[in-house]
Structure formats: C-alpha cells, structure tokens
Amino acid sequence: MSDYLKEIISGTWSLFVGLGITIRYFFQPVVTVQYPHQTLPMTPRFRGHTELVPDPESGGPLCIVCGMCEKACPSNCITVRGEKREGVKGKVLTEYTLDFTRCSLCGLCVESCPVTPTKAITFSRDYNLAGVSKEAYIFDLKKRLEAENR
Amino acid sequence: MHVDPEILRLVAFLVGVIAFAALNAAYLVWLERKEAAHIQRRIGPKEVGPFGLLQPLVDGIKLMTKQLIVPAGVDPVLFKIAPILVMVPAIMSFVAIPFSDTLVARNLDLGLLVIFAFASVNVLGLLLGAWGSRNKYAVISAARVVSQNVAYEIPMLVTVVTLVMISGTMNLSEIVGLQMGGFWHWNILNLAASPLMPVAFLIFFVCMLAETNRAPFDMAEAESELVAGAFTEYSGMGFGVFFMGEYANIVIGASVATILFLGGWDCPFGLFPGVHWFLIKMYFLIFTVIWIRWTFPRTTFYGLLNLSWKILIPISFVNLILTSAMLKVF
Ligand code: SF4
Ligand code: SF4
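Note that the coordinates shown come from a computational prediction; the quantities given were computed from them, not determined experimentally. (Residues numbered from 1 in each chain as written. Chains lettered and ligands numbered in written order. Predicted model: local features only at pLDDT ≥ 70, side-chain atom pairs only at ≥ 80, totals over all residues. Heavy atoms only, no water.)

1. Focus on the domain arrangement of chain A
Part 1 of the argument: Each assigned domain of chain A is listed here: domain 1 (1–31) and domain 2 (50–149).
Part 2 of the argument: Taking the mean C-alpha position of each, domain 1 of chain A and domain 2 of chain A sit 59 Å from one another. (Domains from an automatic or database assignment.)

2. Things to note about the pattern of salt bridges
Pairs can form between side chains of opposite charge once their charged atoms are near each other.
Residue and element names in this part refer to chain A.
Part 1 of the argument: With the rule as written, the count across this model stands at 10 salt bridges over all chains.
Part 2 of the argument: Salt-bridge contacts for E146 lead to K142; the nearest nitrogen and oxygen are separated by 3.2 Å. Taken together, the residues span about one helical turn, with E146 and K142 both in helix α4 (residues 141–149) at a distance of four residues.
Part 3 of the argument: Given the relative accessible area of 36%, E146 is considered partly exposed. (Salt bridge = Lys/Arg side-chain N within 4 Å of Asp/Glu carboxyl O. Helix = DSSP H or I, 4+ residues; strand = E, 2+ residues; numbered from the N terminus. Buried < 20%, exposed > 50% of the residue type's maximum accessible area, 1.4 Å probe, protein only.)

3. Topic: a nonpolar patch on the surface
Part 1 of the argument: On the surface, a nonpolar cluster with roughly 590 Å² of combined accessible area is contributed by W13, F16, V17, I21 and Y25 of chain A together with L202 of chain B.
Part 2 of the argument: With five residues, the single largest contributor to the nonpolar patch is helix α1 (residues 2–27) of chain A.
Part 3 of the argument: Mapped onto the fold, F16 of chain A is located in helix α1.
Part 4 of the argument: Residue F16 of chain A is classed as partly exposed on the basis of its relative accessible area, which comes to 43%. (Patch = residues over 30% accessible without salt bridge, like charges linked within 9 Å, V, L, I, M, F, W, Y side chains within 5 Å. Areas by Shrake-Rupley, 256 points an atom, 1.4 Å probe, with all protein chains shown as cover.)

4. Observations concerning the side chain of K281 of chain B
Part 1 of the argument: Among the structural elements, K281 of chain B can be located in helix α10 (residues 275–293).
Part 2 of the argument: For K281 of chain B, a relative accessible area of 8% puts it in the buried group.

5. Looking at the nonpolar core
Part 1 of the argument: Counting residues in each nonpolar core, the largest one holds 73 residues, and the members touching the most others are F204, L260 and F261 of chain B.
Part 2 of the argument: With residues near it in sequence (within four places) discarded, L260 of chain B still touches L112, V160, L163, L172, I175, Q179, N187 and F204 of chain B. (Core = buried A, V, L, I, M, F, W, Y, C linked by side-chain atoms within 4.5 Å. Contact = heavy atoms within 4.5 Å.)

6. A closer look at the packing of helix α1 (residues 5–39) of chain B against helix α3 (residues 76–96) of chain B
Residue and element names in this part refer to chain B.
Part 1 of the argument: It is the contact of α1 with α3, at a shortest axis distance of 10 Å, that shows an interaxial angle of 125°. By the angle between their axes, α1 is oblique relative to α3. The interaxial crossing formed by α1 with α3 has right-handed handedness. Mapping the contact onto sequence places L14, V17, I18, F20 and A21 in α1 and I91, F94 and V95 in α3.
Part 2 of the argument: Its residues placed into classes, the contact of α1 with α3 shows eight nonpolar, no polar and no charged. (Axes fitted to C-alpha atoms, helices over the stretch in contact; angles between N-to-C directions. Parallel < 35°, antiparallel > 145°, perpendicular 65-115°, else oblique. Left-handed = near helix turned anticlockwise from the far one by under 90°. Nonpolar A, V, L, I, M, F, W, Y, C, P; charged D, E, K, R; others polar.)

This is the structure in structure tokens:
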C-alpha cells in the first residue's frame, strides 16, 4: 500500500519536472536559422565545387593552362583548353569545364595547381545547388568567373 | 409580425456559439503549432500573415479544395455521418456553458448532465467513423477509443459526482456562484469539503485529456502504430471536421474544468469578475493541454488502462467517500 502511494506521488512529481523542463525551453530564445532569410556562414575549409580564382588586378583567370588539374583529377571531370595569342606570354584560357556530376571533391586538382602564390582554382562556398537536369551540373567555370566580374 | 425575443436570443447565441467554436478550432491549431515550435525552440508558422496568423485560413482553404474521397467498400452512411456526429455534440455542449453570469445561451438546471451526455456521443462518432471505414487500423483504433473512454469516464464522473455533492446542484451557473469571492473559495482549494480537492482536479484534468484523445493518451490516432487511426480513410474536409470537433471538445473540457474547479468567471482576488477571467482560465488550461502534449510521449495502451483502473478510479472513490463523510460530519 505504501509502495503504491509512493509510486503515484513520485510518478506525479516526475510529470511536473518534465513540464518544468519544457516550459523553460518555451521561454528560451529560438535557436533555428530561418533558412531562406538567414544563412549560416560557411567555414573556411568548406568544399563546394571548384571555381577559378581571378587575378586581383585584371580580374581574368590566374590559370596558365598547364593542364595539371586535368591530369590529376581521378574522375576525369575537368576539361582545360587554351590557345597561344599574339603578344601574350603563355597560353590564354579558352575553356574550363567542370563535370560536377562526377566530382568527388577530393581536392587533387586544387593541390596540383602550380600557380603561386595563390592557386588558380579553389573550392567555392556555394552549397545552394538544385537543378532539374544533369546538364545543369556541367559547369563552365570560365563563364562563371566572367559573370562574377560583371 | 411578432417574434418571441427568446427565440431571437437563442438564434443569436447559436450563431455566436458556432462562430466561437470554429474560430477556436482554427486558432487552437495555430496556438498548438506555435507552442510546439517554441518548446522545441523553433518559431513555428511565421510566413503567412504577421506571426503566421493567417495560417489557419490557408490551411482551411487547402483542406476545402482537396477532393473528398469516399473509398470503395466503406459504409457510405456511417462514413459520412461520423464527422458530423463528432462536431455537432461539441457545438451543442457550448449552449449549456455559462461564460459569465449573463452570457449563457441556455441556463439549464441539468447543464452538467447535458454536457456529459453530449460528450459521450463524441466517442460514438469516432467509433462509427472507424467502423464504417472498413480499415483494420481504423477498427483497432475504434476498439481502443471505446475502451479508453469507458475507462476514463468512470473516474471523471465520480469526481464530478463529488463536486455535485458539495455544490448540491447541477446548474453550472449556480456551481460557479458558490465559488465567488476569490481563489480561496474555488473548488480546487475547497479543503473544508475534502482535503483531496486538488487531487480531484488533477484526476479530472487527466480524464479530460483522455476523453478528448489528447497526447499522451492519443491512442485513437497513434500515428506510429495506426497510420491515422480512425481518420485513416478520411480526406479533405471530412478529416477537417473531425479535427475541428477535437479542438471544440478540448475547449469544452477546459471550460468545464474552469467552471467546476477554478471558479468560472470569478476573479482570483475578488475584483471585477467577468467573462475575461473565464477566458483567461480556460485558455490557460488549453495552453497546459498543448504543453502536456509536447512534453510527454504517448503511453502504451496497457499503461493507459492501468492508470485509470488502478490509480484514478480508486483515488476518486476515496475522494467521494471522504467528501460524503465530511459533508455528513460537519
Ligand atoms: S576535386 Fe577531385 S574529382 Fe573534383 S575536379 Fe578536383 S580532382 Fe577532380
Ligand atoms: S593546374 Fe591550375 S594553372 Fe594548371 S590548368 Fe589547372 S587551374 Fe590552370
């Protein structure tokens, strides 16, 4: 009999303890991020798809079209093309295509890039990726860079 | 043409009551979502209108535009009548509830009885809807609802009988009238009548949760086990009406608890009694009902029946006997 009453009282008390916890949460500030209106800052080492790094002076690509990244990529997702032009030292980048559908974000392309002091490609912070076709993920990075400069 | 003013009054009250019930059903959903969100430290609905206040409207429109599917093989009559059987008694009960000493549609001498009579029809509605659905989940749910309601109606009514013994009347206005003059006169603290009165309030409240099929006693709708229980086959507004009926029942339950235990429209400090105090107490109870839902997980079916038969019923009988002894002695 006394066990029976003890269980009822301790059980009822535990219910009130539970209610106390939730009401405290109720009055505490909201912790969720209101996503489309707010976004979290991405960490510096976040790996989005790769993108071309612009020359701080001219705004054009830093890439020297050496093709190291193309060779280093284990998934064959990079196509780099360039051409010689009158009066310009080295090659000029004409095409840099990234097939992001196959990219594993391994980072070998970024690592292999010989351009110093800043590498000519880097990981972007872009995580808002949504599309309706596979083709949307074959990125023309040169165009992206030009679009950014505009 | 001569129209009896009493009839006009009744019509006005009926329209008011239906509007009140519908408005409550809509905005309690909003309250529920907001409260749930803040307990989980989210914001909840906020995009439609300021503070998401137009959300219920949009939800309603969405439900109404959905196709009303009557699946092949259901009992066409029972299936269609069940949502109405849940909604109508809930609205009817409002007629007997006194919101203040003047604001009552019908001051019935047996108001308490009327409300409990209508409350039992609600179960019938769920049972018929589930049975008419010919869905095994719905039938399991119906069996649970009935045994749950039978189990919880006993302690609830025993507690109510205790209260009626103290008050000596079933007229809800008179029951409130006896509790006027400050919170120490309220039945919940009427320790002179029975030292177990606060416990009686707890029993009544728990039974109310179970009768309205609210968590942690939402056996009828246990989504993790029974899909949507009795509502599995319902779509669009068929489901919407069930939903509104449930919320209307919560409002009724909270109102009855306010009237029986918390002094109705009486002010806790004896100042300015009025309908606002009734609403404050009622909405506080509803807030608590929602708060409980977002705090405790669903009990098991056996846990639920054990709680009723092994704890609530014995204690409510002890309270009944104690009260009658106290009434006889003092
Ligand atoms: S991150 Fe790896 S897989 Fe992706 S393009 Fe660079 S080398 Fe290829
Ligand atoms: S390794 Fe660097 S410089 Fe060479 S092609 Fe790739 S991006 Fe251009």
